[in-house]
Amino acid sequence: MQVTLKKSISNGSIDNVVVLCNSLSVLDNCPISTEEIKYIGDNLPSAGAKLYVFNRLEYFTMVCYYNSSDKALETHQTLRTEAKKLHGILVENNISEVSVVGSEGVSADDFLAYSEALILSSYTFDKYKTKKGSKLDNITLVSETIQQGDIDKLMNICSSVFACRDWVNEPIAELNAETFANVLQEHCNGLEIKTTVLNQQQIEALGMGGILAVNKGSQDEARFVVLEWKPGNAVNTQPIAL
């Protein structure tokens, strides 16, 4: 994954930090002044969320205040939108490291939705660029409500999304059917996923006409990749995923 992610239970140093909160009362324990808390209170969003940015010259202190909705999906989408805005501010100011602090009252699901969107927003595809722009490199998640298992799951999801984006962005000259099949095999190594790659002759022998018809538009031979994952505690004995 392009960004480094770590978990902490406290933000011990003064650095670039964004505090995620849904109540003004928790801000008394945050690194902002009474005047700044009053400013936030006087400018609260009636719905949705709002990001408040305080420039300390050497670092930034930010607060993302949000109103929780009865529908969790709506709240999470609002938080994802705000996280995207945060990423834009970080890149604009050449900030490569930030701590995301989940204040009291912020659920683990809300915190993870915000963090996930910030991580996904950090994606760049500059493999073939000689001049690379500013990007977010390190994110520290500060929360007592999330566990290491939550972090691992979040990293797996974001790493997989980044891999898919890379595959889509690669030019065909670098990632044809044969190369992509090899990449998938390498990607699945160590994941308890059985990988079977069918070549052109095997595809023809199986009568897979639809794939062969599409492949006629390419100068490269076709490949068909079968991925099988069989967990030991499977509930469905005959699942099929497409």
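The preceding data block contains the structure.
Residues numbered from 1 in each chain as written. Predicted model: local features only at pLDDT ≥ 70, side-chain atom pairs only at ≥ 80, totals over all residues. Heavy atoms only, no water.

Novice: Where do I start with the nonpolar core in this structure?
Specialist: Side chains of nonpolar character tend, in soluble globular proteins, to be buried together. Residues Val18, Tyr114, Leu118, Ile139 and Leu141 are the most contacted members of the largest nonpolar core, which totals 34 residues. Those elements that provide at least two residues to this core are strand 2 (17-21), strand 3 (49-55), strand 4 (60-66), helix 2 (72-92), strand 5 (97-102), helix 3 (108-121), strand 6 (138-142) and helix 4 (148-169). Among the elements that make up this core, the one with the highest residue count is helix 3 (seven residues). If near-sequence neighbours (up to four positions away) are discounted, tyrosine 114 is found in contact with Val18, Leu20, Leu51, Cys64, Leu79, Glu82, Ala83, Leu86 and Val100. Val19, Cys30, Ile32 and Ile40 belong to the second-largest nonpolar core, a separate cluster that totals 15 residues. (Core = buried A, V, L, I, M, F, W, Y, C linked by side-chain atoms within 4.5 Å. Buried < 20%, exposed > 50% of the residue type's maximum accessible area, 1.4 Å probe, protein only. Helix = DSSP H or I, 4+ residues; strand = E, 2+ residues; numbered from the N terminus. Contact = heavy atoms within 4.5 Å.)

Novice: Would you mind going over helix 1 (residues 34-42) with me for this structure?
Specialist: Quick reminder: α-helices carry 3.6 residues per turn. Residues three or four places apart thus point the same way. For helix 1, every residue scored as buried is listed here: Glu36, Ile37 and Ile40. Down the axis of helix 1, the sector holding all buried residues measures 100 degrees, keeping them to one side. Away from its buried face by more than 90 degrees, helix 1 exposes Thr34, Glu35, Lys38 and Asp42. Of the surrounding elements, those touching the buried residues of helix 1 are strand 3 and strand 4. (Arc of directions from axis to C-beta.)

Novice: What is the right way to read the side chain of aspartate 110 from this model?
Specialist: Structurally, aspartate 110 is set in helix 3. The buried charged residue aspartate 110 lacks any salt bridge, with arginine 80 as its nearest oppositely charged partner at 9.0 Å. Excluding residues within four positions of it along the chain, aspartate 110 makes contact with Leu20, Tyr66, Ser68, Thr75, His76 and Leu79. (Lys, Arg positive; Asp, Glu negative; His and termini not counted. Salt bridge = Lys/Arg side-chain N within 4 Å of Asp/Glu carboxyl O.)

Novice: Got a minute to help me understand the pairing of strand 5 in this structure?
Specialist: Regular strands place their side chains on alternate faces of the sheet. Of all the six residues making up strand 5, five are buried; the element is thus mostly covered by neighbouring parts of the structure. Relative to strand 5, strand 2 is paired through four bridges, and the arrangement is parallel. Paired with valine 19 across the bridge in strand 5 is valine 101. Running through helix 3, the crossover from strand 5 to the neighbouring parallel element strand 6 is right-handed. (Pairing = 2+ DSSP bridges. Right-handed = clockwise from strand over helix to strand, strands pointing away.)

Novice: Help me understand the packing of helix 2 against helix 3 in this model?
Specialist: Between two packed helices, what matters for the description is the angle formed by their axes and the separation of those axes. The interhelical angle for the contact between helix 2 and helix 3, taken along N-to-C directions, is 40 degrees, at an axis separation of 8 Å. By the angle between their axes, helix 2 is oblique relative to helix 3. By crossing handedness, the relation of helix 2 to helix 3 is classed as right-handed. Along the contact surface, helix 2 presents Thr75, His76, Leu79, Arg80, Glu82, Ala83, Lys84, Leu86, His87 and Leu90, while helix 3 presents Asp109, Asp110, Ala113, Tyr114, Glu116, Ala117, Leu118 and Ser121. Here the contact of helix 2 with helix 3 is composed, by residue class, of eight nonpolar, four polar and six charged. (Axes fitted to C-alpha atoms, helices over the stretch in contact; angles between N-to-C directions. Parallel < 35°, antiparallel > 145°, perpendicular 65-115°, else oblique. Left-handed = near helix turned anticlockwise from the far one by under 90°. Nonpolar A, V, L, I, M, F, W, Y, C, P; charged D, E, K, R; others polar.)

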